[in-house]
Amino acid sequence: MGEAGEIQLQIAGIQGQEAGDGHGQRAAGNGGVCRPAATASPRPPLSKRLVWWAMVLVNVVFVLAGQSVATLLGRIYYDQGGKSLWMQTVVQSCGTPLAIPLLIYFRTRRPSSSSSSVAAAAPARPPLAKLAAIYGGLGVLLAGDNLMYSYGLLYLPMSTYAIICASQVSFNALFSYFLNKEKFRALILNSVVLLTFSAALVGVSHGSDGSDSAIPKGKFPAGFALTLSASALFSLILSLMQLTFEEVLKSDALPTVLEMQFWSNTAAAVVSVAGLFASGEWRTIAGEMAAYEKGEVAYAMTLAWTAVSWQLCTMGLMGLVAMVSSLFTNVISTVGTPLAPVIAVIFLGDRMDGVKLLAMLLAVWGLMSYVYQHYLDDRAKAKKSDEQLQDAKISAE
């Protein structure tokens, strides 16, 4: 969605300095001798930069913690006797009411007088019918994506499932290239190749489905295909969201991101609930709860905390989209891949054999290549902004 977040503060500082130079030129034209360039600062105060980084770190923790815990609880749900795929799909999006307080806050907050000019320049809001179609379409895609992830988590050990999910960065690179006009650089290509090999190693490994979890026999190929498809669809959804921000909403402010996340996830929850009733699985919920190995209270708490964890992950994702970019958000989401196999080995008894370990190392290597390329791009953008500022100052003198 435009410039990456790491240089947003630098750009703000550059704009502030340009404004200062403009005041100085007007003063000189009126016979003044003051030179405000001595007080203008090309960068914001260190405290503001630290606050920005702290907020980014908090959102990263939300994503990694929420995603890891939700995935672990989903696997526990199946191991303890849960069988409803649609119930697992519902809990991935039904936590949206937790975002209502933030929606109310942004709707009731009045812009200050200093931001009146910014509000006046805000883009016109798209027609309600257009927004409803976009949010509804995204909701249908999210519901389908959540259902495929639910199948994958049922048919695969958690560690295998997590490593296959690393392929979403590869799909994200492709969709971003075609839909979001992102450049396909050498390190990005390296990341795509490594992550593809990582997922392929898991797919062809006969030892990947060794686990103490209650994995259905003979379902590994289906689980692999569905998880890979879900990763591709998730990447497409993120690229479509970015395209919506750029071409339709023309804003990446936090209230806008929050609204999109809320309504698209609400639509996904409605579709998931409809699927739960249409499939007839709702009739088995009472019996499933009674047969749950840890008891009915544990059954309810597992589903409740799964919903909370997914919502926490969603909040972190939307925070990163608002502060940095959707591409960076997908990278951070995928960075949680190495955490899931470790958690699965510790809590679920999954086996970490040599092939799976190699696949995980390839996934980490691919992710680091992806992150480093964006770091280089951001540095180049910051350097270009500084050069433009210096050129402007020289021209003014």
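The structure this text deals with has already been given above.
Cut-offs and rules
Each chain carries its own residue numbering, running from 1 in the written order of its sequence. Where totals are concerned, whole chains, interfaces and linings use all residues; where local detail is concerned, this predicted model gives features only for residues with pLDDT of at least 70, and gives and counts side-chain atom pairs only at 80 or more. By convention in this description, side-chain values take in all heavy atoms of the structure and omit both hydrogens and water. Note on conventions: DSSP H or I runs of at least 4 residues are helices, E runs of at least 2 residues are strands, and numbering of each starts at the N terminus. For a helix, the expected span equals 1.5 Å multiplied by the residue count minus one. Patch membership needs two things, relative accessible area over 30% and no salt bridge, and members are linked within 9 Å if like-charged or within 5 Å if nonpolar (Val, Leu, Ile, Met, Phe, Trp, Tyr). Here the open area of atoms and residues is found with the Shrake-Rupley method and a 1.4 Å probe, where only the protein chains shown may cover a residue. A side-chain nitrogen of Lys or Arg and a carboxyl oxygen of Asp or Glu constitute a salt bridge if their distance falls within 4 Å. Any two rings among Phe, Tyr and Trp, with Trp reduced to its six-membered ring, count as a pair given centres within 6.5 Å; such a pair is stacked if its planes are under 30 degrees apart, edge-to-face if over 60, and tilted if neither. Accessibility here uses a 1.4 Å probe with only protein chains present; expressed as a share of the type maximum, an area under 20% marks a residue as buried, one over 50% as exposed, and anything in between as partly exposed. Between N-to-C directions, angles cover 0 to 180 degrees, with each direction set by a line fitted to C-alpha atoms, over the stretch in contact for helices. Small angles under 35 degrees read as roughly parallel and large ones over 145 as roughly antiparallel, with 65 to 115 read as roughly perpendicular and the rest as oblique. Whether a crossing is left-handed or right-handed is set by the direction in which the near helix is turned from the far one by less than a right angle, anticlockwise for left-handed and clockwise for right-handed. In what follows, residue pairs with any heavy atoms lying within 4.5 Å of each other are defined as contacts. Here the nonpolar group is Ala, Val, Leu, Ile, Met, Phe, Trp, Tyr, Cys and Pro; Asp, Glu, Lys and Arg are the charged ones; every other residue, Gly included, is treated as polar.

This paragraph deals with helix H11 (residues 254-278). For H11, with 25 residues, the first-to-last C-alpha span of 36 Å sits near the 36 Å given by 1.5 Å per residue. Among the residues trailing H11, Gly 280 stands out with phi positive, at a value near 85°.

Take a nonpolar patch on the surface next. Taken together, the side chains of Val 342, Val 345, Ile 346, Phe 347, Met 352, Leu 357 and Leu 361 present a nonpolar region at the surface, about 630 Å² in accessible area. Mapped by element, the contributors of at least two residues to the nonpolar patch are helix H15 (339-347) and helix H16 (354-396). For the nonpolar patch, the element with the most residues is H15, which contributes four residues. In this structure, Leu 361 sits in helix H16.

By the definition in use, this model includes eight aromatic pairs. Here the aromatic rings of Tyr 177 and Phe 178 are separated by 5.1 Å at their centres, their planes lie at 85°, and the arrangement is edge-to-face. The exposure class assigned to Phe 178 is exposed, which follows from its relative accessible area of 60%. For the ring pair Tyr 292 and Tyr 299, a centre distance of 5.2 Å and an interplane angle of 75° mean the geometry is edge-to-face. Pair check on accessibility: Tyr 292 and Tyr 299 agree, each one buried. Through successive ring pairs, a cluster of aromatic residues spans Tyr 77, Tyr 78, Tyr 292 and Tyr 299.

In a pair of packed helices, the angle between the axes and the distance between the axes together describe the arrangement. Where helix H7 (residues 158-165) meets H16, the axes come as close as 10 Å, and the angle between the chain directions of the two elements is 30°. By the angle class used here, H7 and H16 are roughly parallel. For the crossing formed where H7 meets H16, the hand is left-handed. Along the contact surface, H7 presents Ser 159, Thr 160 and Ile 163, while H16 presents Lys 356, Ala 359 and Met 360. Looking at the contact of H7 with H16 residue by residue, the classes come out as three nonpolar, two polar and one charged.

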